[in-house]
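# Coordinates in review
What follows is the residue order along each chain.
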Amino acid sequence: MPDIRPIVGSSALVLNATYEPLCVVSVRRATILVLTAKAECVSDGDGLLHSAHHTLPVPCVVRLTRYVRVPYRTHIGLSRRAIFARDGGRCAYCRGSAETIDHVFPRSRGGLHAWENVVAACAKCNHSKGDKTPAELGWRLHQAPAAPRGVAWRVLGHRTPDPRWADWLDLPAVPEAEAA
């Protein structure tokens, strides 16, 4: 039976005709865009795609041949997965491994469910904090919570970017030792 699981790099970044990042699509969709001449391959991924008549490198980044005007949302949706991605999977109070989310100013006391009031937390800190504010316990946040910004968040959301997309998403370069 063939292995049909998605492989690493099974998605491609789509750029507008002006090289502005638009979205992430499957390799299959990116290939169809290239084959129908709606896009051109800017960067190849790993491997080749074969058909009866064609052999094509797996597209990693494609650029549309025509400009597409896209109205963008002004805010990024708040979700549990996005909170963990923003906080790097670390507790906002002790920097341990986060398992839950916590409202800095408790909702029972009028706190909002907003980017500026929600952080990732470990179960121990979340239970210890309970219905109190960090100031009442003498705790401090390692970093003030805020809504994520930037092209990468708008295009990717909470998804982990392919390091080969760094040039188009203004991502920090990954050192060779970490990439391996």
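Description of the structure in this document.

Reading the values: the criteria
Residues numbered from 1 in each chain as written. Predicted model: local features only at pLDDT ≥ 70, side-chain atom pairs only at ≥ 80, totals over all residues. Heavy atoms only, no water. Phe/Tyr/Trp six-rings, centres within 6.5 Å; stacked < 30°, edge-to-face > 60°. Helix = DSSP H or I, 4+ residues; strand = E, 2+ residues; numbered from the N terminus. Polar contact = N/O pair within 3.5 Å; in protein donor to acceptor, adjacent residues only side chain to side chain. Contact = heavy atoms within 4.5 Å. Salt bridge = Lys/Arg side-chain N within 4 Å of Asp/Glu carboxyl O. Buried < 20%, exposed > 50% of the residue type's maximum accessible area, 1.4 Å probe, protein only. Pairing = 2+ DSSP bridges. Axes fitted to C-alpha atoms, helices over the stretch in contact; angles between N-to-C directions.

## Side note on the packing of aromatic side chains
Overall, the coordinates contain one aromatic pair when judged by the stated rule. Plain terms: the ring middles of Y93 and W139 are 5.3 Å apart, the flat faces sit at 50° to each other, and that makes the pair tilted. Taken together, the residues span a long stretch of sequence, with Y93 in the loop between α2 (80–86) and β5 (100–103) and W139 in the loop between α4 (134–137) and α5 (151–156) at a distance of 46 residues.

## Some thoughts on the side chain of R63
Relative to the assigned elements, R63 resides in strand β4 (residues 55–64). For R63, the side chain forms a polar contact with the side chain of Y19, separated by 3.4 Å. A distance of 2.8 Å separates a polar atom in the side chain of R63 from a polar atom in the side chain of E40. With residues near it in sequence (within four places) discarded, R63 still touches L15, N16, A17, Y19, K38, A39, E40 and V42.

## Some words on the pattern of salt bridges
Where charged atoms of side chains with opposite charge meet at close range, the side chains can pair. Scanning the model with the defined rule gives six salt bridges in all. The shortest N-O distance in the salt bridge between R109 and E136 comes to 2.7 Å. Here E136 lies in helix α4 and R109 lies in the loop between β5 and β6 (118–121), a separation of 27 residues in the sequence. The class of R109 is partly exposed, set by a relative accessible area of 36%. For E136, a relative accessible area of 46% gives the class partly exposed. Here the salt bridges do not stand alone but share partners, grouping D46, D162 and R164 into one network.

## Side note on the sheet that holds strand β1 (residues 11–15)
Read across the open sheet, the four strands follow the order β2-β1-β4-β3; overall the sheet is mixed. Where the open sheet ends on each side, the last strands, each with one partner, are β2 (21–26) and β3 (39–50). The sheet shows a mean angle of 30° between the axes of neighbouring strands, direction not considered. Bridge count for β3 against β4 is eight bridges, and the pairing is antiparallel. Bridge pairing in β4 places L49 opposite L56.

## A short note on unusual backbone geometry
Trans peptide bonds make up most of the peptide bonds, and negative phi angles are found at most residues other than glycine. Unlike most non-glycine residues, A37 shows phi in positive territory, near 60°. Structurally, A37 is set in the loop between α1 (27–35) and β3. Even without being a glycine, R95 presents a positive backbone phi close to 65°. Residue placement: R95 occurs in the loop between α2 and β5. A relative accessible area of 39% means that R95 is categorised as partly exposed.

Just geometry here; none of it tells us what the structure is for.
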